Amino acid sequence: MKYVIIGGGVAGTTAAEELRKRDASAEVTLVSEEHHPLYSRVLLPHYLKGKISRERVFLKKESWYGEQNIEWLTGITCVHLDPRNKCVGFSDGRELPYDKLLIATGGEVRAIDHDLRGVSYLRTLDDADHLVQLLSEASTSVRAGIFGGGFIACEHLNIFSHFQIPTTLFHRGQHFWTRSLEPEAGALIEKHLTDSGVELHPNTRVTELRGEKELTGIVTTTGEHSINLLGVGIGIEPDFSWMREARVETRAGVKANAFLETNVPDVYVAGDIAEFFDPIVERQIQTGNWMNAMSQGRTVAKTMSGERTEFRLVSSYATNALGLEIIFVGDAERAAAEQIHHVGSVEQGGITQIFERKGRVVGGVMIGRNQDRKAITDGIAQKADFVTVRQRIA
């Protein structure tokens with residue numbers, strides 16, 4: 001059996017590891033665009049703040065791949081898929097045959113149009129290395145900006161605050177996470193950031209960078225600002241071109257059923273790029289977090305090796321914005337909910353949103369109310385109604 005996995009992150013590497021455990025004689029090839037062995041994206045902010053060494057972000061050593069008899073190809077991307085002849089072509093010109101193919105490519109950061117020294121992203125270890133260098137060179141008069149209103153913006157906020165760098169934040173929506181948060185929840189985050197000294201500019205886009213080689217300022221839709229260091233976190237953008245040519249069905253992600261099988265036979269998907277049918281919340285969803293990617297990698301390997309297994313997980317992700325804890329659980333998309341219930345308030349310093357569809361709880365967002373996490377997670381798993389879940393919340 002020949003397994004080819006495209007994507008060397010946690011989903012792809014976990015799948016490769018599980019396939020090797022389940023089939024000692026199989027050929028397993030793992031293809032990675034990066035040159036690094038598996039590392040933890042979750043630990044990158046700790047490395048940036050100097051709390052851990054660079055070496056500690058790695059979860060595998062380079063020697064691990066050979067020890068597991070996993071062929072590890074680095075620095076290349078997939079450019080062609082031929083499902084009829086069951087082979088894939090790569091950017092270095094080589095082609096590989098497969099019996100089972102896993103797409104676990106994640107996505108590239110969505111970049112702004114121009115680039116100057118001083119602009120940073122935060123998705124890969126190379127991005128983190130670049131930001132470490134920028135921070136080490138920063139003068140005492142540096143002014144930071146952040147363009148984004150989600151998880152990466154929070155990481156940049158925490159990093160710049162750690163180094164006591166004054167920060168201005170620009171985001172395109174009225175508030176953070178407009179696809180999930182109601183205005184009151186957004187106002188709670190805004191109040192916390194403003195009280196923490198962050199200058200906020202909602203409904204704003206960065207349109208131009210100032211400077212010849214190094215960033216000296218930015219132009220936005222609401223004005224011009226003196227900025228020397230700009231963190232960008234405006235989402236990711238998968239490359240679907242070679243998949244669509246092979247007639248793999250895509251929407252926001254690669255569409256899959258509850259077994260992480262695509263519409264093309266023997267082609268599977270896992271990780272951030274997977275838009276899969278979730279049997280717990282009963283609709284197609286796409287969830288980009290570490291727990292979800294690792295669990296999908298392990299589950300899809302079972303199906304690929306013959307033990308067809310549904311992916312079932314009440315996924316959750318926690319972050320914080322300058323000390324304000326924010327937790328997403330399950331299906332927290334406003335447009336897909338029939339009702340959104342609230343517990344708490346801005347005045348109380350904490351708000352929980354509970355998403356209900358077809359008479360049952362399907363998701364939740366907790367801002368400053370960590371204590372509600374278990375009740376909502378259990379309620380989603382048990383397909384409980386809102387009244388039942390509300391009774392479990394203090």
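Residues numbered from 1 in each chain as written. Predicted model: local features only at pLDDT ≥ 70, side-chain atom pairs only at ≥ 80, totals over all residues. Heavy atoms only, no water.

A. Broad picture of the overall build of the protein chain. Summing up its helical and strand segments, the protein chain has 10 helices and 26 strands in all. A compact globule built from 394 residues would reach a C-alpha radius of gyration of about 21 Å, and the protein chain, at 22 Å, matches this within 12%. Projecting the C-alpha coordinates of the protein chain onto the three principal axes gives extents of approximately 60 × 60 × 35 Å. Here the protein chain holds 394 residues, and 54% of them are scored as buried. Taking all contacts inside the protein chain whose residues are at least 6 apart in sequence as the whole, residues at least 24 apart take part in 59%. Taking the average place of the 44 positive charges on the side chains of the protein chain and the average place of its 52 negative ones, the gap between the two points comes to 5 Å. (Helix = DSSP H or I, 4+ residues; strand = E, 2+ residues; numbered from the N terminus. Rg over C-alpha atoms; globule rule 2.2 N^0.38 Å. Buried < 20%, exposed > 50% of the residue type's maximum accessible area, 1.4 Å probe, protein only. Contact = heavy atoms within 4.5 Å. Lys, Arg positive; Asp, Glu negative; His and termini not counted. Charge placed at Lys NZ, Arg CZ, Asp CG, Glu CD.)

B. How the structure looks around the environment of Leu30. When you line up the elements, Leu30 lands in strand β2 (residues 27-32). Assessed through its relative accessible area of 0%, Leu30 is described here as buried. Between the C-alpha atom of Leu30 and that of Val4, which follows or precedes it by 26 residues, the distance is 6.1 Å. In this view, Leu30 contacts Ile5, Gly7, Gly8, Gly12, Thr13, Tyr65, Ile70, Glu71, Trp72 and Leu73; residues no more than four positions away in its chain are not counted.

C. Looking closely at the sheet that holds strand β9 (residues 119-120). Sheet architecture is open: five strands sit in the order β9-β16-β10-β11-β12, paired in parallel fashion. The open sheet terminates on both sides in strands that have one partner only, identified here as β9 and β12 (199-201). Here four bridges tie strand β10 (residues 144-147) to strand β11 (residues 167-170), and the two strands are oriented parallel to one another. Its bridge partner being in β11, Ala144 is matched across the sheet by Thr167. (Pairing = 2+ DSSP bridges.)

D. Just the environment of Arg22, in detail. In this fold, Arg22 is placed in helix α1 (residues 10-22). Distance in space between the C-alpha atoms of Arg22 and Glu325 is 39 Å, their sequence separation being 303 residues.

E. Seen up close, the packing of aromatic side chains. Counted by the stated rule, this structure contains nine aromatic pairs. With centroids separated by 5.0 Å and ring planes inclined at 85 degrees, the aromatic side chains of Trp64 and Tyr65 adopt a geometry described as edge-to-face. Overall, the relative accessible area of 10% leaves Trp64 in the buried class. In this structure Tyr65 comes out as buried when scored by relative accessible area, which is 2%. Measuring from centroid to centroid gives 4.6 Å for Phe151 and Tyr317, while their planes differ by 80 degrees, and the two rings are edge-to-face. Of this pair, Phe151 sits in helix α5 (residues 151-162) while Tyr317 is found in strand β22 (residues 316-321), placing the two residues 166 residues apart along the sequence. (Phe/Tyr/Trp six-rings, centres within 6.5 Å; stacked < 30°, edge-to-face > 60°.)

F. Seen up close, the side chain of Thr14. Locating Thr14 in the fold gives a position in helix α1. Those residues in contact with Thr14 that lie beyond four places of it in its chain are Met294, Gly297 and Arg298.

G. Representation of the pairing of strand β1 (residues 2-6). Most of β1 is tucked away, with four of its five residues classed as buried. Sheet analysis places β1 next to β2, joined by five bridges and oriented parallel. Pairing of Lys2 across the sheet is with Glu27, part of β2. As for the winding sense of the linkage, the β-α-β connection from β1 through α1 to β2 is right-handed. Relative to strand β7 (residues 100-103), β1 runs parallel, the two being bridged by four bridges. Directly across from Ile5, in β7, lies its bridge partner Leu102. (Right-handed = clockwise from strand over helix to strand, strands pointing away.)

H. Highlighting the pattern of salt bridges. Taken as a whole, this structure holds 27 salt bridges when the rule is applied. In this structure, the salt-bridge partner of Arg179 is Glu333, at a minimum N-O distance of 3.3 Å. A residue pair is termed long-range when its members are at least 10 positions apart, and Arg179 in the loop between β11 and α6 (183-195) and Glu333 in the loop between β23 (324-330) and β24 (339-345) qualify at 154 residues. What makes Arg179 exposed here is its relative accessible area of 60%. Owing to a relative accessible area of 24%, Glu333 belongs among the partly exposed residues under this scheme. A salt bridge links Arg283 to Asp331; its shortest N-O distance comes to 2.6 Å. Of this pair, Arg283 sits in strand β21 (residues 283-285) while Asp331 sits in the loop between β23 and β24; the two residues are 48 residues apart in sequence, bridging distant segments of the chain. For Asp331, a relative accessible area of 5% corresponds to the buried category. It is possible to trace a salt-bridge network through shared partners that takes in Arg179, Arg283, Asp331, Glu333 and Arg357. (Salt bridge = Lys/Arg side-chain N within 4 Å of Asp/Glu carboxyl O.)

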